[in-house]
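Summary of the model geometry
For reference, the chains in residue letters:
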6 protein chains.
Amino acid sequence: MPTTLPENSLKRPRFCGINTFMRLPHTTDLTGVDAAVIGIPFDTGSPYRIGCRFAPAAARAISVMLRPYNPYHRINVFEAASFVDYGDATVNPGVTEESFALIEADLAPIVEQGVIPLGIGGDHSVTLPQLRILASRHGALSILHFDAHTDTWDSYLGQKYNAGTAFRRGVEEGLIDAKNSIQIGMRGSLFSPEDIDQSLRLGYEIITTDQIYDLGIPAVIARIREKLGSRKVFISFDNDFVDPAFAPGIQTPESGGPTAREAYLLLRGLGGLNIAGADVVELNPSFDQSQITALFTATVMSEIMALIAISKTRA
Amino acid sequence: MPTTLPENSLKRPRFCGINTFMRLPHTTDLTGVDAAVIGIPFDTGSPYRIGCRFAPAAARAISVMLRPYNPYHRINVFEAASFVDYGDATVNPGVTEESFALIEADLAPIVEQGVIPLGIGGDHSVTLPQLRILASRHGALSILHFDAHTDTWDSYLGQKYNAGTAFRRGVEEGLIDAKNSIQIGMRGSLFSPEDIDQSLRLGYEIITTDQIYDLGIPAVIARIREKLGSRKVFISFDNDFVDPAFAPGIQTPESGGPTAREAYLLLRGLGGLNIAGADVVELNPSFDQSQITALFTATVMSEIMALIAISKTRA
Amino acid sequence: MPTTLPENSLKRPRFCGINTFMRLPHTTDLTGVDAAVIGIPFDTGSPYRIGCRFAPAAARAISVMLRPYNPYHRINVFEAASFVDYGDATVNPGVTEESFALIEADLAPIVEQGVIPLGIGGDHSVTLPQLRILASRHGALSILHFDAHTDTWDSYLGQKYNAGTAFRRGVEEGLIDAKNSIQIGMRGSLFSPEDIDQSLRLGYEIITTDQIYDLGIPAVIARIREKLGSRKVFISFDNDFVDPAFAPGIQTPESGGPTAREAYLLLRGLGGLNIAGADVVELNPSFDQSQITALFTATVMSEIMALIAISKTRA
Amino acid sequence: MPTTLPENSLKRPRFCGINTFMRLPHTTDLTGVDAAVIGIPFDTGSPYRIGCRFAPAAARAISVMLRPYNPYHRINVFEAASFVDYGDATVNPGVTEESFALIEADLAPIVEQGVIPLGIGGDHSVTLPQLRILASRHGALSILHFDAHTDTWDSYLGQKYNAGTAFRRGVEEGLIDAKNSIQIGMRGSLFSPEDIDQSLRLGYEIITTDQIYDLGIPAVIARIREKLGSRKVFISFDNDFVDPAFAPGIQTPESGGPTAREAYLLLRGLGGLNIAGADVVELNPSFDQSQITALFTATVMSEIMALIAISKTRA
Amino acid sequence: MPTTLPENSLKRPRFCGINTFMRLPHTTDLTGVDAAVIGIPFDTGSPYRIGCRFAPAAARAISVMLRPYNPYHRINVFEAASFVDYGDATVNPGVTEESFALIEADLAPIVEQGVIPLGIGGDHSVTLPQLRILASRHGALSILHFDAHTDTWDSYLGQKYNAGTAFRRGVEEGLIDAKNSIQIGMRGSLFSPEDIDQSLRLGYEIITTDQIYDLGIPAVIARIREKLGSRKVFISFDNDFVDPAFAPGIQTPESGGPTAREAYLLLRGLGGLNIAGADVVELNPSFDQSQITALFTATVMSEIMALIAISKTRA
Amino acid sequence: MPTTLPENSLKRPRFCGINTFMRLPHTTDLTGVDAAVIGIPFDTGSPYRIGCRFAPAAARAISVMLRPYNPYHRINVFEAASFVDYGDATVNPGVTEESFALIEADLAPIVEQGVIPLGIGGDHSVTLPQLRILASRHGALSILHFDAHTDTWDSYLGQKYNAGTAFRRGVEEGLIDAKNSIQIGMRGSLFSPEDIDQSLRLGYEIITTDQIYDLGIPAVIARIREKLGSRKVFISFDNDFVDPAFAPGIQTPESGGPTAREAYLLLRGLGGLNIAGADVVELNPSFDQSQITALFTATVMSEIMALIAISKTRA
């Protein structure tokens, strides 16, 4: 019987107590734990609306609204698997590569104990150190990357490591198996066609926002499942995948995206994926006056947690 | 000829004058009145983001944007029926059962004069005292309950009367004819499957958000009309029925819901219902910086008023 | 080779430098220029939530997020045509007709040099002076008018010139060829059926929001293209065309509208229109805490710019 | 015994009921009434941050916090004199001179019945129509004008009537007895020394913010009392008199002003003034997220009401 | 050597990690602890702007800005004494007396172990359960009560227990030694002179805001020290003691108060008081967009902690 | 006669046109120019509430409220000296030392032409590159540093270059003549006494906030003038010098500071200083909902510009 049940919100009000993710225990003891939520409050990689350093706190605050039973998968997530809130990775604001090393160091004991790390960014640069430590254990990973942008520039503002380059660096460093990876949601204006082509050349398959609508969600789900199969997958979810109406509090808003419901439908179709890790990134609380982006971030993560829970059940 | 026409916004600017709902006359004289809007600023029943006490004022403020002619029903609502703004019920913040008695007392003269009460909450606990006074006149009512949540817990935080229990209490107290009632819009994480099952056991029919999409809006409308027929109906509309993008300023946000347009399409399909009363609840102005939730609240109420107007015309 | 390329956001951060629209050069030298963005910060015509005078600044600020390549038309907009930011027209707040004269005077050199003016309002009254100067060159124009409202009242609050009358005045003054014009997006409550009928009598074709959904976007696009053909068209886009969830920061919010994506799909279908001018109006930054309305305004304008660019390419 | 006592906030919660100023009765029956609060929601005269049209509603909303007993004068204001909330004057946004006529027409019955009008602006242009109707009864009035600016320009943006000219127009029209009037609080950058000199030439005495501190508040009070004596006085209070920290929600913020407490000390020293009318202007709710400017506006008005109450008691 | 040093913000960024008060350890193990910060997120007692339930979280979030060394007392607070963040008391929203019992139960182990409880409200009703548990150990306490209001009504809205009655109930229940207690800061409009007189009759000494300025801060400090001497004191600090400019995010704003600096000067003069407990109450984050009220709350608490630290040093 | 007069706000509304600082011409042609305002949108050095990259835009936006005549010095600033808005320095977000080099490169032509640079930060790290380029021309400078904090840590979060270290680095690099420099305004909690002592050891004179009040402003001014004499001075003004009530939108709020008026009184006393350069830093628009911090920033800069203007006049 798991000892990591969240606090019961039918018994103690959600606003009582120091916020942890979904009211899970805050601990770094990973004995018997399946997956650990970890905040990665790094935003030095943000080219525009900076402030994602406050995202883990904002996501934790509203995540107390979420309940343990996922009716779409008919599963009590926390009875099926064991989750904890591991706290935050340490970062050094303004010093990117050192921060990556710090993040890797903090993630190492999680990954080494076979626990799935679930990162809450931070800007999208934080995916790279997560992949580094995961690949050191699992080898190159398949990626399922939800985003309006490809983030595969060689450099951005002359920099090798920031929110626009992680998905190229990951391939170059051998962390990402691009041939077995999908980028989904691309839309909006580009610097040039190269923004997309560079991903294709790296080996990624791209499903644009328009293609999601053209194919329909069931076909998109089928395509993802077919491509990723039983490979070790890292799901990286950038909040700008959805329209700013559903996620106003982000770094790089891109108007004209899917709805929150469509995002959840996609995620709920992915039961059985072999998830090695995941992150939800680019929540900027300074532009999230009504907490809807924070709630979206937390809900996306909770849907990923449900995917993990059903894998544990089936296993 | 009705003497209760709202002030004409083509003649006097909407921002002139003390706000009443849709610029209707503010009066407690109900002579010849068909329906009366009444604020019920009670929020002690709120388990989380409290502040619905300011909802009636916020709804009145933006409601001046709404015009008298409903093009979907091709009717001038205020020529077809007579509406007034009755003001607010008195409540006693922090004292739930006394407040229910106060609300009942303030609603009594409305109901006793055969006038339809149209409540603007307040948190969802306020539906119970409305049902009590209405059932005292009409007997048990059919309910059409728009909400992301069932609100049929036996107790919530150990309490019998708050925003999570009204739709069980109403059945227990014989106010609700659950067998002829529908709860629509349920979605999101649950405490357990019991959250839904308890409603089914009480006799409610449930149409989840997923089912709205699966069936399609016309089929949902047909089902509602078939079930409710010509029975006396109370429509209770919780703003969290729609996605937080369309109603950010609420108490219990639940990401992934329908759009505002979809809500209106459902309501516009209900012409001919025999409406005994209605409320729109859970508007929290503290999280509604751009007034879109207040406008949504007012528009939902105005669509319900149009349903009443066409009934009067047909009658 | 155009000398009016915007600053490259891959080289210099978007937040560096004084904001111009999409980082275009700010100049009044129109040599070789195809189209000029001009702010028209006039809001005296606003009957309700006033403050559109700050819209050009807000649109410029977030427009730096937009990139030069439009993937839907597969074109680098700024290589295909030459655009500049012309600055703002001068207005005199509180003095409508004088302001119209000032706006006309500032637009005159643009129109006289054969440059397409692209106005950022301001409230919707500013369309009239734009049409006056354009019609003085082109004769009566076809109009493609995106809006929740017809704006064809004879007077509004007793006034001949404000945000509710421009599309009647334009017909009366011979600036608009209503028989070859379309108003699209009407929805919500009306003062009376006359709100729509008056447009029809003036000669406009109306496609309501409901009709957009009934016909489907491809059919709507086909109808627009059929009607407007190769005529000189002025596109006037009121932000309230979309639901307030996608554009909360406006003057006259009307709940229940299309999504931002649907607006872009419509615009992207209009390649080949013979655009004489365009405006995007009614952005009110005071109600746009997360900048999503400003981003929507800028994106709509950028899609219109793409339409101009492909015309130049094909010509 | 007055029949115009405000609702008792110890008995009925302040948030219950449609807001009137300080919960006074809303009526246009002035029988036995000493002074009437009237909203004047006109803001067409605003050169910069426009939106004061929503000020009367905002002031009423928070004014419910104020209680009837003024401990500084040891008087129950509403037992000593009779006050009502008269509602709002009608204005025509965008049409200044017509609006002035409308305001005068709405004020006329108040002034004609010998009731003191207490205006809540609106921008500072609204003082002129108030003075016109008052001077028609009382002749030229002494003015006590609290403001960071003199508002005595001959024209502002070429206009004779807006927020920057009322205190010159009033002299020119014979409404203001400048020789027996004081402008207090001037500070901050000027267009030229003429900004001050023009007031002096018109006959005003000026006490700058610096002079308030140099003289000390008791001496300033003494000087005001000496100058105004028993003359009929109109008190016009622009919220920008205080530092923006104490009144952020205004049209023309001027940093570096007195505190709220200092403003109240000045007002509390003026018992015995012969007040013919008063206004508090330039509250802009769009920049008043925490309601402190609205509360300041309401408190200033309540202190003026106390001055009226003690005059009635002594008379 | 204390084992309860806060995390070092020169080593790990303040935004890393789950927020505790001033980055102290979060523990319920009180071995060797001198004082424990405890959140009391109860706001059912709020008559107006409700939402203090979120105050402990907001205070913790910004409290990370505070550093361990207090230069006014020349002491490293956390080396001189041992503090922890005990978490939050459990409350039951909407059920006042049950919540008081829960608060008492959660405070009991703190008080029983001789640890000083430092409460972060919550509305001002929460002082009563704190006093109950403290008096059960120490007998009736002297009170030093900073507030704009006396909070000594017999009932408020008919209720015996809410934010307006705690300082009468405390006397009646024998928890407060009113004869040796001071209420400081009263100002603003009253319901009647009784608002003050009732406190005097209960035995309190009152120092109004005006008296603070008349006497001067040093004399006020001297008077407090003289009166309280070495008695066991409970300091209760309502944020509305200062002007809303310095604390906009509160329940009952009262314009015209002291500055933040003046509040700190008063507190810093109280070294040597025999503090049995303290609270800081009435922070409402919904009206605190810039966190200045949360920072004020945290700073007031940190100054009280410094007073405790110097007592420990001297002892 | 200067050709660099700002646009006249009596002629063209302040909201018309692309914002430049105080509506000065935007140019990089420095012929005949005395001082140039330059934005330095760098915030990578921010340890906490990041976002100062948007400060130059925010300061420009509200700076249009300021007028050319300074009544305290009785001077038309723009007739007495010639100022321009030079635009922004280029920075590379996330790469501190490269950004410093970029800032130096952009400032070089200003300094080399003998023009006084007036920087708008940016976080406080940006003072260092400004000093580097200035010292390369003038040698070590006297500093007048307004701030709540000393910013003389050897490293902060292990970093040599960020918002907490510039005033040590400047001494170490020989850019600052600490023996002839003053740091003024220090207050609030410290990491240790070393926070102050380290400045004293470096040679700075410190005047704390308490000392400002103890000495009185005239004495403080005298002390500054005595110490700085006719030396080349760089004025560095951190907005946290004043209380957060007067500057909520900053990076490191420190409660309990002076008022805005007190800051201006200090600055206005400094006529005759030999100013080589100046900056105003740490404006964070994300926490500045009402623009009062932006207005404060702009007003401080305008007071410094007045000091420069009177020097030019006297010279």
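Above this text is the structure in question.
Let us look at the structure shown here. This is a predicted model, so every value here is computed, not measured.

We now examine the relation of the copies chain D and chain C. In screw terms, the move from chain D to chain C is a rotation of 180 degrees and a rise of 0.0 Å along the axis, fitting with an RMSD of 0.0 Å. Taken together, the rotation and translation describe the operation of a two-fold axis. Among all residues of chain D, the one whose C-alpha sits closest to the rotation axis is D:Gly94, at a distance of 2.6 Å. Comparing interface residues between copies, 100% of those in chain D also sit at the interface in chain C, which points to an isologous, same-surface contact.

This next bit is on the interface of chain D and chain C. Each partner contributes to the interface: chain D provides 19 residues, whereas chain C provides 19 residues. Summed over both partners, the interface of chain D with chain C buries about 1400 Å², with 52% contributed by carbon and sulfur atoms. Counting every contact that joins chain D to chain C gives zero salt bridges. At the surface where chain D touches chain C, the tally comes to ten residue pairs in polar contact (both at pLDDT 80 or more).

Moving on to the environment of A:Ala89. With respect to the helices and strands, A:Ala89 occurs in the loop between β4 (83-88) and α3 (96-112). Residues within four places of A:Ala89 in sequence aside, it is in contact with A:Ile38, A:Gly39, A:Pro41, A:Ile103, A:Asp106, E:Arg12 and E:Cys16.

Once that is clear, we can look at helix α1 (residues 55-63) of chain E. Residue and element names in this part refer to chain E. Among the nine residues of α1, seven are classified as buried, and the element is accordingly described as predominantly covered. Those residues of α1 that sit buried are Ala55, Pro56, Ala58, Ala59, Arg60, Ile62 and Ser63. At its buried positions, α1 is contacted by β1 (35-39), β4 (83-88), β5 (116-120) and α10 (292-314).

Once that is clear, we can look at the relation of the copies chain B and chain A. In the superposition of chain B on chain A (RMSD 0.0 Å, axial shift 0.0 Å), the rotation amounts to 120 degrees. The transformation just described matches what one would write down for a three-fold rotation axis. Scanning chain B for the C-alpha nearest the rotation axis identifies B:Ala245, at a separation of 3.2 Å. The two copies present different faces, since only 10% of the interface residues in chain B are matched by interface residues at the equivalent positions in chain A.

On to the interface of chain B and chain A, then. The interface of chain B with chain A comprises 31 residues on the first partner and 30 residues on the second. Summed over both partners, the interface of chain B with chain A comes to about 2700 Å²; 61% of that surface belongs to carbon and sulfur atoms. When the area that chain B buries against chain A is broken down by residue, the three leading residues are B:Tyr48, B:Leu157 and B:Phe191, summing to 26%. If you look at where chain B meets chain A, you find two salt bridges. Note that A:Arg261 is salt-bridged to B:Asp210, the shortest N-O span being 2.7 Å. On the surface where chain B and chain A come into contact, there are 14 residue pairs in polar contact (both at pLDDT 80 or more). Partitioned by chemical class, the residues of the side of chain B that touches chain A number 15 nonpolar, eleven polar and five charged.

What follows covers the sheet that holds strand β8 (residues 205-208) of chain A. Residues and elements named next belong to chain A. Taken in spatial order, the eight strands make up an open sheet running β4-β1-β5-β10-β9-β6-β7-β8, and their pairing is parallel. Of all the strands in the sheet, the pair left with one neighbour each is β4 and β8. The sheet shows a mean angle of 15 degrees between the axes of neighbouring strands, direction not considered. Where strand β9 (residues 232-238) lies against strand β10 (residues 274-281), seven bridges are found, and the strand directions are parallel. Counterpart to lysine 232 in the pairing with β10 is asparagine 274. Sheet strands in contact with helix α10 (residues 292-314) are β1 (35-40), β4, β5 (116-121), β9 and β10, and its direction is about 175 degrees off that of β10.

Criteria and cut-off values
- Residues numbered from 1 in each chain as written.
- Chains lettered and ligands numbered in written order.
- Predicted model: local features only at pLDDT ≥ 70, side-chain atom pairs only at ≥ 80, totals over all residues.
- Heavy atoms only, no water.
- Least-squares fit on C-alpha atoms with pLDDT ≥ 70 in both.
- Contact = heavy atoms within 4.5 Å.
- Buried area = accessible area lost by both parts, 1.4 Å probe.
- Salt bridge = Lys/Arg side-chain N within 4 Å of Asp/Glu carboxyl O.
- Polar contact = N/O pair within 3.5 Å; in protein donor to acceptor, adjacent residues only side chain to side chain.
- Helix = DSSP H or I, 4+ residues; strand = E, 2+ residues; numbered from the N terminus.
- Buried < 20%, exposed > 50% of the residue type's maximum accessible area, 1.4 Å probe, protein only.
- Nonpolar A, V, L, I, M, F, W, Y, C, P; charged D, E, K, R; others polar.
- Pairing = 2+ DSSP bridges.
- Axes fitted to C-alpha atoms, helices over the stretch in contact; angles between N-to-C directions.

Structural measurements only, silent on function.
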